[in-house]
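# Descriptive analysis of the structure
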Amino acid sequence: MDRLALVVPCYNEEAVMKISSEALRGVLQDLIGKQKIAGDSFVLFVDDGSKDKTWELIEEEHRLYENVKGLKLAGNVGHQFALTAGLITAKDYSDVTVSIDADLQDDVTVIEEMIDKFHAGNDIVYGVRNDRSSDSFFKRFTAQSFYKMMAVMGVKTVYNHADFRLMSKRAVEQFAKYKESNLFLRGMMPLIGYQTDCVYYERKERVAGESKYPLKKMLALAFNGISSFSVKPISLITAFGVMIICLCFLAAVYALWSYFTGHVTAGWTSLILSIWFLGGVQLVSIGLIGQYIGKIYIEVKQRPRYNIETFLNERHSMGSVESRQSPDAHANSDRL
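Residues numbered from 1 in each chain as written. Predicted model: local features only at pLDDT ≥ 70, side-chain atom pairs only at ≥ 80, totals over all residues. Heavy atoms only, no water.

### Looking at helix α1 (residues 17–33)
Between its first and last C-alpha, α1 extends 24 Å over 17 residues, near the 24 Å set by a 1.5 Å rise per residue. Buried residues of α1: Met17, Ser20, Ser21, Leu24, Arg25, Val27, Leu28 and Leu31, and no others. Buried residues of α1 fall within an arc of 150° about the axis and therefore sit on the same side. Facing away from the buried side of α1, by more than 90 degrees, are the exposed residues Glu22, Gln29 and Gly33. For α1, the elements touching its buried residues are β1 (4–10), β2 (42–47), α2 (54–64), β3 (68–73) and α4 (111–119). A positive phi of about 60° marks Gln35, the residue just after α1. (Helix = DSSP H or I, 4+ residues; strand = E, 2+ residues; numbered from the N terminus. Expected span 1.5 Å × (residues − 1). Buried < 20%, exposed > 50% of the residue type's maximum accessible area, 1.4 Å probe, protein only. Arc of directions from axis to C-beta. Contact = heavy atoms within 4.5 Å.)

In structure tokens form, the structure reads like this:
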């Protein structure tokens, strides 16, 4: 039978660690009892530089339960990188992985359906939210607007899918070949190209703790996703520039007509507003292009995206330190 790894990125999740560990261990025991996964399947908690007692609780769970592993990163690198570190580490010890957040807003009961679809021949199974009633109106509106905007920009994503997904070993191995530092996993997974399917579930309330994804981080993730997979914003700048030139031409024709017909009027205010407007457009355009250049700057340095400080794998590994340099550097993370 296939060995399953549940990869759980954690950042300041002290309030939910015990609850999350118990729920996920229960999922493993149920699937093992039904002989759908191997008996040595495990949960891998990835501590993304938490400032509370998250790592201490992971160590305690590892000490108490053989099927709980821990991965401590050397500093906070962000959700997308922490998840990547967990996936790439887990692939060496498992045949299939399922990534899920520690807050348990994703429904753990559909993991069994994911495993069934994996056994049916799918390498990637997406967890898709079919009901976001637990979200606030603002959260729901901005998230859905984000997915629609990504589609307009030509970025292929799965609508209402975050980072709750199953991946086969070979899918994770292919993902590991993508070396970019500007990670947006929801856009990268469809690029792998293997057979995929979806499971649907209702999004739940957090079992405890607070959300780690304020509006600022959500907007940062949205911009990172768009700028990492599409150059349409730059194309829109070009189109806008052409439109301005056309308007200027029409304004010149109107000015000549006014001059020859004697209808010249004072226009100091409109002139100043036009200058300010075009100056603002130019600054925004330069800034947007600068963001793309900045991404190139980050990529060409090829710094590691994360560093592993401690890997709690076997029961005797308590206190041991395994430092690895993996193909991932730092970034901020957010989700919709």
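### A closer look at the packing of aromatic side chains
If you walk through the whole model with that rule in mind, you get 2 aromatic pairs. Ring geometry for Phe164 and Tyr201: centres 5.4 Å apart, planes at 80°, overall edge-to-face. Of the two residues, Phe164 is situated in strand β6 (residues 161–168) and Tyr201 in strand β7 (residues 196–202); the sequence distance between them amounts to 37 residues. The class for Phe164 is buried, based on a relative accessible area of 0%. By relative accessible area, Tyr201 is classed as buried at 2%. The ring of Tyr65 has Arg25 sitting right over it, with the charged end atom 3.5 Å from the ring centre. (Phe/Tyr/Trp six-rings, centres within 6.5 Å; stacked < 30°, edge-to-face > 60°. Lys NZ or Arg CZ within 6 Å of the ring centre and 35° of its normal.)

### Considering the pattern of salt bridges
Per the stated rule, a full pass over the model turns up 14 salt bridges. Across the pair Asp92 and Lys91 runs a salt bridge whose closest N-O atoms are separated by 3.2 Å. Residue classification places Lys91 among the buried residues on the basis of a relative accessible area of 15%. Between Asp163 and Arg165 there is a salt bridge, with the nearest N and O atoms lying 2.8 Å from each other. On the basis of relative accessible area, Arg165 is assigned to the buried category, the value being 1%. Ionic contacts of the salt-bridge type, sharing partners, join the residues Asp30, Lys34, Lys36, Glu112 and Asp116 into one network. (Salt bridge = Lys/Arg side-chain N within 4 Å of Asp/Glu carboxyl O.)

### Regarding the confidence of the model for the protein
Averaged over all residues, the pLDDT of the protein is 79; the fraction at 70 or higher stands at 79%. Taken together, the stretch residues 316–336 has pLDDT below 50 and engages in 91 contacts with residues farther than four places along the chain or on a different chain. (pLDDT = per-residue confidence, 0-100.)

### Let's talk about a nonpolar patch on the surface
Residues Met243, Leu247, Phe249, Leu250 and Val253 make up a contiguous nonpolar surface patch of roughly 510 Å² in combined accessible area. With respect to the helices and strands, the residue Met243 is situated in helix α9 (residues 232–261). Taking relative accessible area as the criterion, Met243 reaches 40% and is therefore assigned partly exposed. (Patch = residues over 30% accessible without salt bridge, like charges linked within 9 Å, V, L, I, M, F, W, Y side chains within 5 Å. Areas by Shrake-Rupley, 256 points an atom, 1.4 Å probe, with all protein chains shown as cover.)

### Re the pairing of strand β8 (residues 306–312)
With 5 of its 7 residues buried, β8 lies for the most part within the structure. The pairing of β3 with β8 spans 4 bridges and is classified as antiparallel. Bridging across to β8, Gly70 finds its partner in Leu312. (Pairing = 2+ DSSP bridges.)

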